[in-house]
Amino acid sequence: MLAPHRPRAGSLTALVLGCLALLPLGFRPASGTTATTPREAFLTESERDAWTRLLAARLLDPSDLGLPGGSPTWVRPWRVDPFGVADRAAALSDSLSSHSGATVLGELSGAMSWKKVDAIPARGRSLDEIFERHAAENAQILRKQGLLDPAIEEPLRILLDAVLDGRESLDLEAGGRRAEELEPWWPLLDAWLGMTQHEDPSSLDASRLAARLADFDPTPYVAVARRLANAAQEAAQSLATGPPLRTDEDGFSLVLEFDFGFVVIGGTGRDVHEWPRATVVLDPAGDDVYRHPVAAADGTTGLPVAVAVDGAGDDWYASPLPGAQGAARLGSAVLLDVAGADRYEGTSRTQGSAQLGAAVLLDLGPEADHYRAGRLSQGAAVRGAAALVDAGGDDDFEAEALAQGCGLLGGAAALIDLAGRDRYRARGQWRPPLGVAAPGAWSQGASSDLGLEGLSGLGCLVDGSGDDGYEARGAAQAASEGGVALLMDRGGEDDYQLRSLGQAAARRGGVAVLLDLSGDDRYLGGTETQASAQLSSLALLLDRAGSDRYFGGEHSQCAASGDARAVLLDAGGADWYLAPSDASAQPWVGSGGGLAFLIDLAAGRDVWTGRLSEDPFVWSEAGDTAWDEERGRSEK
């Protein structure tokens, strides 16, 4: 290797402009909770293309970055164009920043290059038609007795029409698939995910499971979920603008029976919902309690479609059973909470979770919400699409593992929080069977194919404004094995804490991107963190502005091995880079090839402590404190 040096003027210019091409598009601050809007890029398109080609030809030849044979075609654009990944990630996160659950599902599907997924059209049935054709006798009697509030009728019609449309669509478009066809595969899938114990893990048939999952088409379920999400928001709007509701203080609940399931209607007081397996739940207001799964679709038990809408009120969702609060298993589900400081408490497969289906939890209120869940929760998907969207407030998210934007086995998932001082914690330690993935939380923007070729996932966590905290034991904060993982924080002074494998870490052909657009941030990481790439993978940590602090362990702060690429780029502020003096860091190129770039673009008094690499591709803007001089001062 060569000794550290300042590049010549010509190569320096190329390096600077090429590195600028890495930066994501800028964003104006969000107005309220609306999505942010792109502004002009650093370079013109022609300059960007020219310098990208030049630098890629000299230093980052995409042909060197091998693609595993089982990688799906949708992963290729993320892999072969290292300089375009930042813009691609920024564009995806911008498109995900929306109030609409239907929009989020559509963007996730588009990123996976699934078949075109549009919401199925509304048929527009009248309430009289629905009751006449589908209501059981008790529902008809209750309506004739006037127990159904007239102000509820239009929102109820909207939801019932969407449910009927969804059920008919799944019967017609799912290729005649029935739950019994997949029944033998659920135990195998749960065992492969480590959700259940298996007596003999070596007997798990990986090839047959991979073939079955690859054969499953999630797009009909996504289309139905998008229809449900549109209907839920339309129903909420109808509640807000329609006739005044009857007032009740003691709680009021009606249970209507239809041939497609039960419909639960609450009042404006404090309702305690304990009715299990409801297809539709509509509660206009009140501080309500949900003690059973709500918005829980499960095609294996004959409930492929479920939707719930709750209006104003500080609600408590407390289900002791898995699969709740916007969860789908071979089905489509949507939970919409309009306003209030809500508490969501669940076990596994909750709060925006999908297995071979599509699900959304959408909280539109500006109040502070609290989320607690187990595994496969808070935006987690297995061969399907799932999202948790919170529009604002100082929120608290806590999950065990496989959560907070986790896409597994061909699944696409996202957790989106548009504003507030938020806290994300994933404290569990998931250990997969047969060592198919590294142990860890696999949360906060994470993806893995779990060793099954051709089933790369997409996991995203997008946070808007606010000083946020991210905490996990390992495998989190943009961590990927064989998939694409993204964490984007648009603003605030953020704190990232992780023991290992994350903060932009990729293995086995994965792509991991962490974008932080502003604020004085702190990155506290251990082994394989802060732009660490191995085995034909790509890892990017791009911090656009602020005086930041980086604390890394071994194989961190820009490290690449096994024909991988790693980039840590800091574009502003007086920064501090700290790594152990005996560790491979700042940056490091390991055996088997690979290229690592640690680039600090802004003029300022940066502090570099620990072992400085002999790799030539470490560059700091003129005007920064000399490395050796500042290192000597910091060690005194």
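Before reading on, note that the structure itself is shown above.
About the cut-offs
- Note on numbering: residues in each chain are counted from 1, in written sequence order.
- Since the coordinates come from a predicted model, pLDDT governs what is reported: local features require at least 70, and pairs of side-chain atoms require 80 or more to be given and counted, while whole-chain, interface and lining totals use all residues.
- No hydrogens and no water enter the side-chain calculation; it runs on all heavy atoms of the structure.
- Working definition: helices are DSSP H or I runs of at least four residues, strands are E runs of at least two. Numbering for both runs from the N terminus.
- Relative accessibility thresholds used throughout: buried, under 20% of the residue-type maximum; exposed, over 50%; partly exposed, between the two (1.4 Å probe, protein chains only).
- When charges are tallied, Lys and Arg are placed among the positive residues and Asp and Glu among the negative ones, while His and the ends of the chain are skipped.
- Here, a salt bridge means any side-chain nitrogen of Lys or Arg that lies within 4 Å of a carboxyl oxygen of Asp or Glu.
- Throughout, a residue-residue contact means that at least one pair of heavy atoms, one from each residue, lies within 4.5 Å.
- In short, DSSP must find at least two bridges between two strands for them to pair.
- Given a helix with a known number of residues, its expected span is that number minus one, times 1.5 Å.

Draft legend 1. How the structure looks around the side chain of D342. Locating D342 in the fold gives a position in the loop between strand 10 (332-337) and strand 11 (343-345). Although D342 is buried, it forms no salt bridge, and the closest oppositely charged side chain is R343 at an N-O distance of 8.7 Å. The contacts of D342, once residues within four sequence positions are left out, are G313, D314, D315, D337, D363, A368, D369 and H370.

Draft legend 2. Inspection of the pairing of strand 26 (residues 495-502) at higher detail. Judged from the 6 bridges that link them, strand 23 (residues 469-476) and strand 26 form a sheet pairing that is parallel. Within strand 26, the residue paired with A476 across the bridge is G502. Relative to strand 29 (residues 522-524), strand 26 runs parallel, the two being bridged by 3 bridges. The residue of strand 29 that forms the bridge with Q497 is L524. Pairing of strand 26 with strand 30 (residues 527-529), which is carried by 2 bridges, proceeds in the parallel orientation. Directly across from S500, in strand 30, lies its bridge partner T527.

Draft legend 3. Highlighting helix 12 (residues 219-241). Compared with an ideal rise of 1.5 Å per residue, which puts 23 residues at 33 Å, helix 12 spans 33 Å between its outermost C-alpha atoms and is within 8% of the ideal. Helix 12 sits mainly inside the fold: 17 of its 23 residues count as buried.

Draft legend 4. Structural detail: the environment of L336. Looking at where L336 falls in the secondary structure, it is placed in strand 10. Looking at L336, the relative accessible area reads 0%, which means it is buried. Note: C-alpha distance between L336 and L364 (28 residues apart in sequence) is 7.7 Å. Beyond its immediate stretch of four places on either side in the chain, L336 contacts A232, Q233, A236, A308, V309, D310, L362 and L364.

Geometric values such as these leave the question of function open.
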